[in-house]
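# Geometric and topological summary
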Amino acid sequence: MISVKLPDLKEAKKRTKEKVEYSSVSLISSDKFIGKHYFLRTYGCQMNEHDSEEMKGILEHLGMIPTDDLLLADVIVLNTCAIRENAHDKVFGYLGRIKHLKKERPDVIVAIGGCMSQEPRIAEEIKSRHPYVNIVFGTHNIHELGKLLLDASVGNQDIEVSSIEGSVYEGITYQRDSSITAWVNIIYGCDKFCTYCIVPYTRGKERSRKLEEIIQEVNLLKQQGYQEVTLLGQNVNAYGKDFQDGTDFAMLLEAVAKTNIPRIRFVTSHPWDFTDEMIRIISLYSNVMPYIHLPVQSGSSRILKLMGRRYTKEEYLSLFWKMKERIPGVAITTDIIVGFPGETEEDFLETLDVVETCKFDGAYTFIFSPRVGTPAALMKDDTPKEEKERRLQRLNERVNFYSKQNNEKLVGKTVPVLILGVSEKDSSRVYGYTDTMKLVNVEAGHDTIGKIIDVLILDAKSFSLDGKEVISEKV
Ligand code: 5AD
Ligand code: SF4
């Protein structure tokens, strides 16, 4: 039997006044999959990484065992991303490998979830061109993965993607990747509709989790020994706006700070929603890390307007300086898109000017990628690909320069580092992050993993630091 419920872009665009539904989910049990292996691959952002932890929770509750070996897998799950075209290409490239595997082992169950499944043309393409895929599920029905798997195990094909504005589910069981740092969702979806971005369509409307639920989750994580939580949302500072009772991100952040969990981070912030009170709370609590990811996207006010970003270059800069003044030692990173439709050399020079002014601690840089269904995909774009690549290269050269310069400022200083594990390249060292989110490889014993230790910074590279543990003499 084939059950098909395809996504619908018109539905996905809707933002009604209807109340968000808050429901609780429970795990489905069955002995059908006990001892079987699952292979899960995640593409994209932190939100997807965290969604994968929910999928792992479901799969492991069914008694399944994770494997990194595709050939060993009984169930293959791809959690996909739709933000740029190359994310698509990667998934479809990988599907080619899976197709071969399915020829040899037709009983392997293949499931595709995540943002790509929320796009009508992609769901159609999978249905017609990749019929060996057993399950297509979306970002709104991850909790149904167990049921869909059981269905597929009796030979059914399920394409179940809804384009509802979205609900908020509580009671989710996560199989977390780390026992030291944890993601905590605070707000789902996005209502900003930046003209280049697919996220408001794939993830639905902005809807916040109840403050008490978030605090309960953070308290539980703290009891379990977690050292750090990262509050997650496409737009964290819009937190609470949908309640219309005055609750906002500053209030939530303060309540999380008061749990006394050692470290608190949050991503991603939209400049338009950043208030003075949020800045005050960040500077007031020592367990709120002095690190803000504040995407600028472009330095040209003209392009920012076309992007629908709701701020000018000057407004961004004034917020930036306010943060630098009021939050001691704050590190600020950003996202930048080059080659937006109609971006001229002058517009691009404005972007470079922002980089020269802000000297960001780091930046993720991208070439504009048209997404079907978004307004920017229909805008006239006559800048040649080679020119866009040249701009990206020029930008990256400056971004890397300042990233290294900021890292160099730490050489000779002793800073607290939360140690997360053994260094990949050198097992005699461990690695972790400073409070400003800088990666450090540290000469220290493995017994420091999970602890915040003092590290003397010895050397700086563009994307990481080297250091050694400083053991304070007890008097
Ligand atoms: N093309 C290029 N980059 C994009 N981003 C979002 N949509 C697009 C697109 N269509 C970038 C933005 C955003 C980051 C997560 O991805 O910079 O902040
Ligand atoms: Fe996309 Fe803009 Fe929403 Fe960020 S704020 S997810 S860029 S629409």
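Residues numbered from 1 in each chain as written. Chains lettered and ligands numbered in written order. Predicted model: local features only at pLDDT ≥ 70, side-chain atom pairs only at ≥ 80, totals over all residues. Heavy atoms only, no water.

Glancing now at the overall build of the protein. Secondary structure assignment for the protein yields 13 helices and 22 strands. Taking 2.2 N^0.38 as the reference for a compact globule, 475 residues should give roughly 23 Å; the C-alpha atoms of the protein span a radius of gyration of 23 Å, in line with that estimate. Overall, the protein is about 65 × 60 × 45 Å in size when its C-alpha atoms are taken along their principal axes. Long-range pairs, those at least 24 residues apart, make up 76% of the contacts in the protein between residues at least 6 apart in sequence. Accessible area for the protein stands at about 21100 Å²; split by element, carbon and sulfur atoms hold 51% of it. If the 62 positive side-chain charges of the protein are averaged to one point and the 69 negative ones to another, these points end up 2 Å apart. (Helix = DSSP H or I, 4+ residues; strand = E, 2+ residues; numbered from the N terminus. Rg over C-alpha atoms; globule rule 2.2 N^0.38 Å. Contact = heavy atoms within 4.5 Å. Areas by Shrake-Rupley, 256 points an atom, 1.4 Å probe, with all protein chains shown as cover. Lys, Arg positive; Asp, Glu negative; His and termini not counted. Charge placed at Lys NZ, Arg CZ, Asp CG, Glu CD.)

Strand order across the open sheet formed by 3 strands is β10-β13-β14, with parallel pairing between neighbours. Taken across any chain shown, the strands that pair with only one partner, and hence form the sheet edges, are β10 (181-185) and β14 (263-267). Averaged over all pairs of adjacent strands, the angle between strand axes in this sheet comes to 25°, irrespective of strand direction. For β10 and strand β13 (residues 228-232), the ladder comprises 5 bridges, and the chain directions are parallel. Counterpart to Val184 in the pairing with β13 is Leu231. Helix α2 (residues 46-61) contacts β10, β13 and β14 of the sheet and is inclined by roughly 100° relative to β10. (Pairing = 2+ DSSP bridges. Axes fitted to C-alpha atoms, helices over the stretch in contact; angles between N-to-C directions.)

For the rest of this paragraph, the subject is the sheet that holds strand β15 (residues 291-293). Read from one edge to the other, the open sheet built from 3 strands follows the order β15-β16-β17, with strand pairing classed as parallel. Both outer strands of the open sheet, β15 and β17 (362-367), are each paired with one neighbouring strand and no more. Each adjacent strand pair in this sheet contributes to an overall mean axis angle of 10°, direction not counted. Pairing between β15 and strand β16 (residues 331-338): 3 bridges, direction parallel. In the sheet register, Ile292 faces β16, and the bridge partner there is Ile332. Most of the contacts of helix α13 (residues 385-408) go to β17, to which it runs at about 175°, and overall it touches β16 and β17.

Take the packing of α2 against helix α5 (residues 145-153) next. The geometry of α2 relative to α5 is characterised by a closest axis approach of 9 Å and an angle of 50° between their N-to-C directions. The angle between α2 and α5 falls in the class oblique. Relative to α5, α2 is oriented so that their crossing is right-handed. Where α2 abuts α5, its residues Met55, Ile58 and Leu59 lie against Leu145, Gly146 and Leu149. (Parallel < 35°, antiparallel > 145°, perpendicular 65-115°, else oblique. Left-handed = near helix turned anticlockwise from the far one by under 90°.)

Here we come to the pattern of salt bridges. By the definition in use, this model includes 37 salt bridges. As a salt-bridge pair, Glu228 and Arg263 come within 3.9 Å of each other at their nearest N and O atoms. Taken as a pair, Glu228 in strand β13 and Arg263 in strand β14 lie far apart in primary sequence, 35 residues in all. On the basis of relative accessibility, which here comes to 8%, the residue Glu228 falls in the buried class. Across the pair Asp381 and Lys388 runs a salt bridge, and its minimum N-O distance is 2.7 Å. (Salt bridge = Lys/Arg side-chain N within 4 Å of Asp/Glu carboxyl O. Buried < 20%, exposed > 50% of the residue type's maximum accessible area, 1.4 Å probe, protein only.)

Attention shifts here to the site of ligand 1. Around ligand 1 lies a shell formed by Ile83, Arg84, Tyr196, Gln297, Asp335, Ile337, Phe366, Ile367, Phe368, Ser369 and Arg371. Within the side chain of Arg84, a nitrogen or oxygen atom sits 2.9 Å from an oxygen atom of ligand 1. Contact between ligand 1 and Gln297: an oxygen atom at 2.6 Å from a side-chain N or O atom of the residue. Where the shell around ligand 1 is concerned, the elements lending two or more residues are β16 and β17. Among the residues forming the shell around ligand 1, the class breakdown is 6 nonpolar, 2 polar and 3 charged. (Near = heavy atom within 4 Å. Polar contact = N/O pair within 3.5 Å; in protein donor to acceptor, adjacent residues only side chain to side chain. Nonpolar A, V, L, I, M, F, W, Y, C, P; charged D, E, K, R; others polar.)

Before going further, it helps to examine helix α12 (residues 345-358). The terminal C-alpha atoms of α12 lie 20 Å apart, and with 14 residues this matches the ideal 20 Å at 1.5 Å per residue to within 8%. Buried positions along α12 lie against α10 (301-307), α11 (313-326), β16 and α13. Just beyond α12, the residue with positive phi is Lys359, at close to 45°. (Expected span 1.5 Å × (residues − 1).)

In this description, a pair of aromatic rings is defined by centroid distance and the angle of the planes. For the structure shown, the criterion picks out 10 aromatic pairs. Relative to Phe340, the ring of Tyr196 has its centre 6.4 Å away and its plane inclined at 85°; by these criteria the two rings are edge-to-face. Of the two residues, Tyr196 sits in the loop between β11 (187-188) and α6 (199-203) while Phe340 sits in the loop between β16 and α12, which places them 144 residues apart along the sequence. Judged by relative accessible area, which is 11%, Tyr196 ranks as buried. The interplanar angle of 90° and the centroid separation of 5.0 Å between the aromatic rings of Phe320 and Trp321 together place this pair among those described as edge-to-face. For Phe320, a relative accessible area of 0% puts it in the buried group. One aromatic cluster is present, formed by Tyr196, Phe340 and Phe368 through successive ring pairs. A cation over an aromatic ring shows up here: Arg41 above the ring of Tyr94, its NZ or CZ 4.3 Å from the ring centre. One cation-aromatic arrangement involves Arg310 over Trp272; the distance from NZ or CZ to the ring centre is 4.7 Å. (Phe/Tyr/Trp six-rings, centres within 6.5 Å; stacked < 30°, edge-to-face > 60°. Lys NZ or Arg CZ within 6 Å of the ring centre and 35° of its normal.)

A separate point is unusual backbone geometry. The general pattern is negative phi for most residues beyond glycine and trans for most peptide bonds. Val267 connects to Thr268 through a cis peptide bond whose omega is -5°. Structurally, the position occupied by Thr268 is in the loop between β14 and α9 (276-284). One non-glycine residue, Asn260, adopts positive backbone phi at about 65°. Structurally, Asn260 can be placed in the loop between α8 (249-257) and β14. Of note in this structure, Arg310 is not a glycine but carries a positive phi near 70°. Considering the arrangement of structural elements, one finds Arg310 in the loop between α10 and α11.

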